[in-house]
Amino acid sequence: MTTCLVLIAPLTQAGLNPARDFAPRLVALIFGWGSAAFPDAHGGFFWVYIVSPILGAITAGILYTHILENMMDKPQGREKVK
């Protein structure tokens, strides 16, 4: 974890957990800190740390429901004949 902070902190201000990082940024923006709250002009923080995990979770749920559940319902191998 320390290595992640050392390498990524200068780029993202160590915003690895959006649950702990987004609210203070939002408050700083409301109280006039401007670009210090969200230094990336292209919204990289928002896309990488908030939207991407949500889209990944939705995609994983859809793939699991439509592909893996169907594969798990099929019987494996032959059935024993009496």
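Residues numbered from 1 in each chain as written. Predicted model: local features only at pLDDT ≥ 70, side-chain atom pairs only at ≥ 80, totals over all residues. Heavy atoms only, no water.

## What to know about the overall build of the chain
Helix and strand counts for the chain stand at three helices and zero strands. Secondary structure elements of the chain, listed N to C terminal, follow the sequence α-α-α. Expressed as a percentage of the 82 residues in the chain, the buried residues total 12%. In the chain, of all internal contacts separated by at least 6 residues, the share reaching a separation of at least 24 is 32%. Put simply, the chain shows about 7000 Å² of open surface, and 68% of that area lies on carbon and sulfur atoms. (Helix = DSSP H or I, 4+ residues; strand = E, 2+ residues; numbered from the N terminus. Buried < 20%, exposed > 50% of the residue type's maximum accessible area, 1.4 Å probe, protein only. Contact = heavy atoms within 4.5 Å. Areas by Shrake-Rupley, 256 points an atom, 1.4 Å probe, with all protein chains shown as cover.)

## Here we look at the packing of aromatic side chains
Given two aromatic rings, one states the distance between the centres and the angle between the planes to describe the pair. Under the definition given, this model contains two aromatic pairs. For the ring pair Phe 22 and Phe 38, a centre distance of 6.2 Å and an interplane angle of 55 degrees mean the geometry is tilted. Pair noted here: Phe 22 is in helix H2 (residues 18-30) and Phe 38 is in the loop between H2 and helix H3 (44-73), with a separation of 16 residues, a long-range link. Arranged with centres 5.7 Å apart and planes meeting at 75 degrees, the rings of Phe 46 and Trp 47 form a pair that is edge-to-face. (Phe/Tyr/Trp six-rings, centres within 6.5 Å; stacked < 30°, edge-to-face > 60°.)

## Considering the confidence of the model for the chain
Residue-level pLDDT values for the chain average 79, and 73% of them are 70 or greater. Considering each helix and strand of the chain separately, the mean pLDDT is smallest for helix H1 (residues 2-12), with a value of 70, and largest for H3, with 86. (pLDDT = per-residue confidence, 0-100.)

## As for H2
Between the first and last C-alpha of H2 there are 18 Å, a value that for 13 residues agrees with the 18 Å anticipated at 1.5 Å per step. Residues of H2 that are buried include every one of Asp 21, Arg 25 and Ala 28, and no others. End-on, the buried residues of H2 take up no more than an arc of 60 degrees, which puts them together on one face. Exposed residues pointing more than 90 degrees away from the buried face of H2 are listed as Ala 19 and Ile 30. (Expected span 1.5 Å × (residues − 1). Arc of directions from axis to C-beta.)

## Concerning the environment of Phe 46
Looking at the secondary structure, you find Phe 46 in helix H3. You can call Phe 46 partly exposed: its relative accessible area is 38%. Separated by 24 residues in the primary sequence, Phe 46 and Phe 22 have C-alpha atoms spaced 8.8 Å apart.

## Some thoughts on a nonpolar patch on the surface
A surface patch of nonpolar side chains, amounting to about 680 Å² of accessible area, comprises Leu 26, Val 27, Leu 29, Ile 30, Phe 31 and Trp 33. Relative to the assigned elements, Val 27 resides in helix H2. Overall, the relative accessible area of 42% leaves Val 27 in the partly exposed class. (Patch = residues over 30% accessible without salt bridge, like charges linked within 9 Å, V, L, I, M, F, W, Y side chains within 5 Å. Salt bridge = Lys/Arg side-chain N within 4 Å of Asp/Glu carboxyl O.)

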